[in-house]
Amino acid sequence: QVQLVESGGGLVQPGGSLRLSCAASGNIRSINAMGWYRQAPGQQRKLVAIITSGGTTNYADSVKGRFTISRDNAKNTVYLQMNSLQPEDTAVYYCNADIQIYGSVGLARYWGQGTQITVST
C-alpha cells in the first residue's frame, strides 16, 4: 500500500556531491519523521539524518556540516544533499518514513529499497 522510491545514487569522486531523493506514495494519510540510514559492507545499518514533520533535524556526528536533510511535505519526499563526500561515506543508503495510512490508527515504518553510493577515484 505504501512505497518509498529512492533515486540519486552513484559513483562520485572524493570531495564531490550527490543529492538523494526518496518519494513516498500510496494510501498515505500522514507522514511523521523521515530519515536516511546507511549500511556499509560488514556493518550494521546506521542513522545518517532524520527530519520531523515540523522540520527539526538531527544528524550523525560523522556527517554534520557536510550533509543536509530536507523534505517537501506536499510531495511526500525527503532529500539528502551530500557534500564533501569521502570514501568512508561509501554505503547503501536507505530512506525511511513513519507513515499513517488511511484506515489505520497508528504509524508504521516503511523503508526504501536502498541506493548505492560509492566514493572513489
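Report on the accompanying structure. (Residues numbered from 1 in each chain as written. Predicted model: local features only at pLDDT ≥ 70, side-chain atom pairs only at ≥ 80, totals over all residues. Heavy atoms only, no water.)

1. Remarks on the overall build of the protein
1) Next: Per the secondary structure count, the protein includes zero helices and eleven strands.
2) Next: Reading the protein from its N end, one meets helices and strands in the order β-β-β-β-β-β-β-β-β-β-β.
3) Next: Taken over C-alpha atoms, the radius of gyration comes to 14 Å for the protein, in line with the 14 Å a tight globule of 121 residues would show.
4) Next: When burial is assessed residue by residue, the protein has 42% of its 121 residues classed as buried.
5) Next: Relative to all contacts within the protein whose residues are 6 or more apart in sequence, the contacts with residues 24 or more apart total 57%.
6) Next: If you sum the accessible surface of the protein, you get close to 6,300 Å²; carbon and sulfur atoms cover 46% of it. (Helix = DSSP H or I, 4+ residues; strand = E, 2+ residues; numbered from the N terminus. Rg over C-alpha atoms; globule rule 2.2 N^0.38 Å. Buried < 20%, exposed > 50% of the residue type's maximum accessible area, 1.4 Å probe, protein only. Contact = heavy atoms within 4.5 Å. Areas by Shrake-Rupley, 256 points an atom, 1.4 Å probe, with all protein chains shown as cover.)

2. Some details on the packing of aromatic side chains
1) Next: In the structure shown here, the tally under the stated rule is one aromatic pair.
2) Next: Measuring from ring centre to ring centre gives 5.1 Å for Tyr37 and Trp111, while their planes differ by 65 degrees; the resulting arrangement is edge-to-face. Of this pair, Tyr37 sits in strand β4 (residues 28-39) while Trp111 sits in strand β10 (residues 108-111), and the two are 74 residues apart along the sequence.
3) Next: Sitting over the ring of Tyr79, Arg19 keeps its end group 4.1 Å from the ring centre.
4) Next: Here the basic side chain of Arg45 rests over the ring of Tyr94, its NZ or CZ set 3.6 Å away from the ring centre. (Phe/Tyr/Trp six-rings, centres within 6.5 Å; stacked < 30°, edge-to-face > 60°. Lys NZ or Arg CZ within 6 Å of the ring centre and 35° of its normal.)

3. A look at the sheet that holds strand β7 (residues 67-72)
1) Next: Overall, antiparallel pairing links the four strands, which are arranged β1-β3-β8-β7 in an open sheet. Two strands in the sheet have a free side with no partner beyond their single neighbour: β1 (2-7) and β7. The sheet shows a mean angle of 15 degrees between the axes of neighbouring strands, direction not considered.
2) Next: Bridge count between β7 and strand β8 (residues 77-82): six bridges; the pairing is antiparallel. Among the inter-strand pairings, Phe67 is bridged to a residue of β8, identified as Met82. (Pairing = 2+ DSSP bridges. Axes fitted to C-alpha atoms, helices over the stretch in contact; angles between N-to-C directions.)

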